[in-house]
Amino acid sequence: MPGITMAQDELRRAIQLMQDGQVEAAAGLLRRLAEAPTLDAKGRAAAYVWLAEAQEDRDYKRRCLERALACEPDNAQIRQGLNQLLASPAQPEHLPLMRRPAGSPLSLEQAPAVVGVEGGRNGLASGAFVGRGGLLATTSYAVGSAEEVTVRLGGEREFGARILRRYPLFDLAFIATGVELARKPAAAPSAMLAENAAFVALAYGGARLPGRLITGGRGADGHWLATNIAPVQLPDAGGNPLVDENGHLLGILTRNIGAGGKACALKITHVLALAEQLRRERQLMPKAGYCPACGGLARALLFGGGTCESCGARLAASDGRAAQSEALMRLYGENAGPPCRGCGARVGGYAGRCLRCGYALAQKGAG
Amino acid sequence: MGRFFGRGEDTPDEPADQLDLSLRAVESILAAIGVDPAAARMEVARGYGWNFQRGSALIEVYLTPEEQGYLQVLSPIMHLPASNLLALYRRLLELNLQLTNAALGLHEDVVYLYHERLLAGLDAAEADAIIRRLARYADELDDALSGEFGGRMYGRG
């Protein structure tokens, strides 16, 4: 069947175009292939999955994944990808365009597959570029509450970079490098990840850890890839990119541990989704910041507050004092309820007692 | 938590002769560090208590009525402010990790510095060191915490 072979060749070319960052060209080819009668069901499913990756629009992604699932109803990865998409909150359709930083300090034609991250709280770590704008992913464990780190590209090339946000839950940290990449790093869509798939975990300095994806543990919750790598094998503080045989990014190895005590990686699709969420938050709330202690969005900065509304940590570039606006008090959960009968404070309660003085608060319905 | 008897927690009484021995030991220690035990004595719900001034810090000492007597040394620092409690509670926990042989805690709306150890083997030099350390911490922390979070310093208007 020469027609099928040709269609499969075109599919491979479209995927290559996507991974080279030529999204529009790839999308045109994928749209044509998805309708082509010469492509088998599995190939059409793959075309729809990649087409979903080519578009930002959530409904379009959903339609693509639904069609992919219709082509391959038993494909658990596609079903999981669709379920994740449906579970994720809808984003506003139109956002102001983000201004690109002027005078980028470094432009890379060929981005290194792995970089070194130094100066964090737990020693040298690895990291990988996950966006053309030079967004770098490493582990939250590696950077701790540091605000700046040194990024090493290999050889003598190194530069200072700022921690944008940490996600302790995912053991992930994003670093803004300002590096302009010629191509978007090649990432595999989660719907294409297969159990038992082989990978290599790359470490800055040249170490390469071969491994396989396994089932169970954190792998079950959708964002994680369970690996067969023991944490003691990790040569640094994590953040190692997992790449497949074609050099495509599968995930970022973390210090989180799954079933059987093996290291877990965060799926690259989830890393990219968090990067996109971060970009939107920074567009919508450019004056908000992120707490260096818990990593949460610190909206207190919008109202002149000096401490994180989630964990109480002092925010960078503040004196830690709380401004006394009503909006800020609401954010901190204060002045929201009735005054305590013991001390008069309106700071809320815990286990039925006033957070300030411990006086028993009135029970609901009590006279 | 049951041994924080000086603040009204209920604990069982122990044989009087053992408690008397412990009482005499504490009073001799207080006398040895320049505190008049009779003048410093205060009424407490159970056991014995003393309070006195060290520098700007108020020091409270309690003897627990247990078979193995415990010496508790406390210094009240500040009343909690009426807002920004999350940040203050976090700061107290951060400070807890930095203190040596002392801990920060809350009773009702007052922040305390606290140290406790078995009475057995305690001599005047060690008791003096404990009290001096708590007094120094209290001196540093009361100004810093009430300045940052706005709570009223203990014992001041």
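## Notes on the sheet that holds strand β2 (residues 115-118) of chain A
Residue and element names in this part refer to chain A. Spatial strand order, β2-β3-β4-β7-β6-β5: six strands in a closed barrel with antiparallel pairing. For this sheet the average axis-to-axis angle between neighbouring strands, irrespective of direction, equals 40 degrees. Relative to strand β7 (residues 172-176), strand β4 (residues 135-138) is paired through four bridges, and the arrangement is antiparallel. Counterpart to Leu135 in the pairing with β7 is Ala176.

## Observations concerning the nonpolar core
Among the nonpolar cores identified, the biggest contains 48 residues, and B:Trp50, B:Leu104 and B:Leu113 are the most heavily contacted of them. Elements that contribute at least two residues to this core include exactly α1 (16-32), β2 (48-54), β3 (57-63), β4 (70-79), α3 (85-98), β6 (110-118) and α4 (124-149) of chain B. Those residues in contact with B:Trp50 that sit more than four places away from it in its chain are B:Leu23, B:Val26, B:Glu27, B:Leu30, B:Pro37, B:Ala40, B:Arg41, B:Met42, B:Ile59, B:Glu60, B:Val61 and B:Leu63. A:Leu17, A:Trp50, A:Ala68 and A:Leu82 belong to the second-largest nonpolar core, a separate cluster that totals 31 residues.

## Focus on helix α7 (residues 268-284) of chain A
End to end, α7(A) covers 24 Å across 17 residues, agreeing with the expected 24 Å (1.5 Å per residue, within 8%). Inspection of α7(A) places A:Ile268, A:Thr269, A:His270, A:Val271, A:Leu274, A:Ala275, A:Leu278, A:Arg280, A:Glu281 and A:Gln283 among the buried residues, and these make up the whole buried set.

## Quick look at the interface of chain B and chain A
The partner chain A presents 20 residues to the 15 residues of chain B that form the contact. For the pair chain B and chain A, the two sides together bury roughly 1,300 Å², of which 48% comes from carbon and sulfur. Looking at the side of chain B facing chain A, the largest losses of area belong to B:Asn84, B:Leu86 and B:Arg90, adding up to 35% of the total buried there. Connecting chain B to chain A are two salt bridges. Seen at the junction of chain B and chain A, the total is seven residue pairs in polar contact (both at pLDDT 80 or more). Of all the secondary structure elements, the ones that give two or more residues to the side of chain B that touches chain A are α3 and α4 of chain B.

## Comments concerning the packing of helix α2 (residues 23-35) of chain A against helix α3 (residues 41-54) of chain A
Axes are the key here: two packed helices are described by the angle between their axes and the distance separating the axes. All names here are of chain A. Where α2 contacts α3, the two axes come as close as 9 Å, and the packing angle between them is 150 degrees. It follows that α2 is roughly antiparallel to α3 by the angle criterion. In this structure, α2 meets α3 at a crossing whose hand is left-handed. Contacts between α2 and α3 involve Val23, Ala27, Leu30, Arg31, Leu33, Ala34 and Glu35 from the first element and Arg44, Ala47, Tyr48, Trp50, Leu51 and Ala54 from the second. Of the residues assigned to the contact of α2 with α3, the class counts are ten nonpolar, no polar and three charged.

## Looking at the packing of aromatic side chains
Aromatic ring pairs are reported here in terms of the distance separating the ring centres and the angle at which the planes meet. In the structure shown here, the tally under the stated rule is three aromatic pairs over all chains. Centroid distance A:Tyr167 to A:Phe174: 5.7 Å. Interplanar angle 85 degrees. Geometry classified as edge-to-face. Ring geometry for A:Phe170 against A:Trp224: centres 6.2 Å apart, planes inclined by 45 degrees, an arrangement best described as tilted. Residue A:Phe170 is found in the loop between β6 (157-167) and β7, and its partner A:Trp224 is found in strand β11 (residues 224-227); the two are separated by 54 residues along the sequence. Judged by its relative accessible area of 14%, A:Phe170 falls in the buried class. Judged by its relative accessible area of 2%, A:Trp224 is buried. Stacked on the ring of B:Tyr137, the Lys or Arg B:Arg136 has its end atom at 5.4 Å from the ring centre.

Cut-offs applied
Residues numbered from 1 in each chain as written. Chains lettered and ligands numbered in written order. Predicted model: local features only at pLDDT ≥ 70, side-chain atom pairs only at ≥ 80, totals over all residues. Heavy atoms only, no water. Pairing = 2+ DSSP bridges. Helix = DSSP H or I, 4+ residues; strand = E, 2+ residues; numbered from the N terminus. Axes fitted to C-alpha atoms, helices over the stretch in contact; angles between N-to-C directions. Core = buried A, V, L, I, M, F, W, Y, C linked by side-chain atoms within 4.5 Å. Buried < 20%, exposed > 50% of the residue type's maximum accessible area, 1.4 Å probe, protein only. Contact = heavy atoms within 4.5 Å. Expected span 1.5 Å × (residues − 1). Buried area = accessible area lost by both parts, 1.4 Å probe. Salt bridge = Lys/Arg side-chain N within 4 Å of Asp/Glu carboxyl O. Polar contact = N/O pair within 3.5 Å; in protein donor to acceptor, adjacent residues only side chain to side chain. Parallel < 35°, antiparallel > 145°, perpendicular 65-115°, else oblique. Left-handed = near helix turned anticlockwise from the far one by under 90°. Nonpolar A, V, L, I, M, F, W, Y, C, P; charged D, E, K, R; others polar. Phe/Tyr/Trp six-rings, centres within 6.5 Å; stacked < 30°, edge-to-face > 60°. Lys NZ or Arg CZ within 6 Å of the ring centre and 35° of its normal.

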